[in-house]
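Structural description and commentary
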Amino acid sequence: MQVDLNSDLGESFGAWRMGDDAAMLDIVTSANVACGFHAGDPDEMRATVERAKARGVAIGAHPGFHDLQGFGRRQIQGLTAREIEAMVAYQIGALQATASLAGHKVTHVKAHGALSNMACVDETMATALAAAIKAVDRDLVFVVIPLTALERAGEHANLPLAREIYADRAYEDDGTLVSRKKPGAVLHDPEEVAARVLAMVEARAIVSVSGKKLALGIDTVCIHGDSPGAVAMAQAVRQKLVGAGVKIAPFAA
């Protein structure tokens, strides 16, 4: 049994610091790098890619809404499919160019925050996201939340997919993430989270807040790099999986 561990990194910019990327890159096998819209800047992107390359960590673009003040977690309504395609392609291209400076290669794309949450339930947004990725490079792996419009759009576009579960987030009965505005949406205890991840990986299923079991493919597990105690949580998850005989490796080379 094999699974990838990923984290959203490169989210500092200017003098503003977010998370402990150096420590996380010693634990995860894939990094989703902010591309300057919800967080990050050219210097931070380059530094993150260089650190990832040095540690043998795969990198992917992490496009979001153009919303630095809201960290990409505020919903932006009214964008056309054409605007979404341009927004996503622009950010992928920015990371590809930055990766070239470091001699690394972008292998996947994972939407961030509100963009991802909205596209999980909006077929038009999901289709635009998939279309942008395919237009830039049809070999890029599309990281999707299973059982959502994102997965369906990726399948329809014939993109290679990596199906993701979240270590530290609760799920609704339809497989979407519980809103951060609700209590219990984010989990914090490292040992509890690690045991939960192992159970999901072994069962190839998630359990919703109501106890509903949803069977799905699991290729990668996300541990948010900006959460309090993120490093301890990532270490606990990795140790628990490795201890159970699960191989930890990137889903994309």
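Since this is a predicted model, take the numbers as computed values, not measurements.

Observations concerning the packing of helix α3 (residues 81–102) against helix α5 (residues 123–136)
Remark: α3 packs on α5, axes separated minimally by 8 Å, with the N-to-C direction vectors making an angle of 40 degrees. Here α5 runs oblique to α3, going by the angle between their axes. The two elements α3 and α5 meet at a crossing, and its hand is right-handed. Residues Ala 81, Ile 84, Glu 85, Val 88, Ala 89, Ile 92 and Gln 96 of α3 form the contact with α5, whose participating residues are Thr 124, Met 125, Ala 128, Leu 129, Ala 131, Ala 132, Ile 133 and Val 136. Tallied by class, the residues present in the contact of α3 with α5 amount to 12 nonpolar, 2 polar and 1 charged.

Here's the deal with the pattern of salt bridges
Per the stated rule, a full pass over the model turns up 10 salt bridges. The salt bridge involving Arg 55 is made with Asp 26; its shortest N-O contact spans 2.9 Å. In this pair, Arg 55 is assigned in the loop between α2 (42–54) and β3 (58–62) and Asp 26 in the loop between α1 (21–24) and β2 (30–34), connecting sequence segments 29 residues apart. Residue classification places Asp 26 among the exposed positions, given a relative accessible area of 57%. Ionic pairing is found between Lys 110 and Glu 164, a salt bridge with its closest N-O pair at 2.8 Å. Residue Lys 110 is found in the loop between β4 (106–109) and α4 (113–121), and its partner Glu 164 is found in strand β6 (residues 161–166); the two are separated by 54 residues along the sequence. As far as the burial class goes, Lys 110 and Glu 164 line up, both buried. If you follow the salt bridges from partner to partner, you end up with Asp 8, Lys 110 and Glu 164 in one network.

Here's the deal with unusual backbone geometry
Phi is positive for Leu 147, which is not a glycine, with a value near 70 degrees. Relative to the elements of secondary structure, Leu 147 occurs in the loop between β5 (141–144) and α6 (149–156). Positioned with a positive phi, Asn 158 is a non-glycine residue whose angle comes to about 60 degrees.

A word on the side chain of Asp 67
Within the fold, Asp 67 resides in the loop between β3 and α3. A relative accessible area of 4% places Asp 67 in the buried class. Side-chain polar atoms of Asp 67 contact the backbone nitrogen of Gly 70, separated by 3.0 Å. Once you skip the residues sitting within four places of it in the chain, Asp 67 turns out to touch Phe 37, His 38, Gly 72, Arg 73 and Arg 74.

Thresholds applied
Residues numbered from 1 in each chain as written. Predicted model: local features only at pLDDT ≥ 70, side-chain atom pairs only at ≥ 80, totals over all residues. Heavy atoms only, no water. Axes fitted to C-alpha atoms, helices over the stretch in contact; angles between N-to-C directions. Helix = DSSP H or I, 4+ residues; strand = E, 2+ residues; numbered from the N terminus. Parallel < 35°, antiparallel > 145°, perpendicular 65-115°, else oblique. Left-handed = near helix turned anticlockwise from the far one by under 90°. Contact = heavy atoms within 4.5 Å. Nonpolar A, V, L, I, M, F, W, Y, C, P; charged D, E, K, R; others polar. Salt bridge = Lys/Arg side-chain N within 4 Å of Asp/Glu carboxyl O. Buried < 20%, exposed > 50% of the residue type's maximum accessible area, 1.4 Å probe, protein only. Polar contact = N/O pair within 3.5 Å; in protein donor to acceptor, adjacent residues only side chain to side chain.

Purely geometric numbers; function is a separate question.
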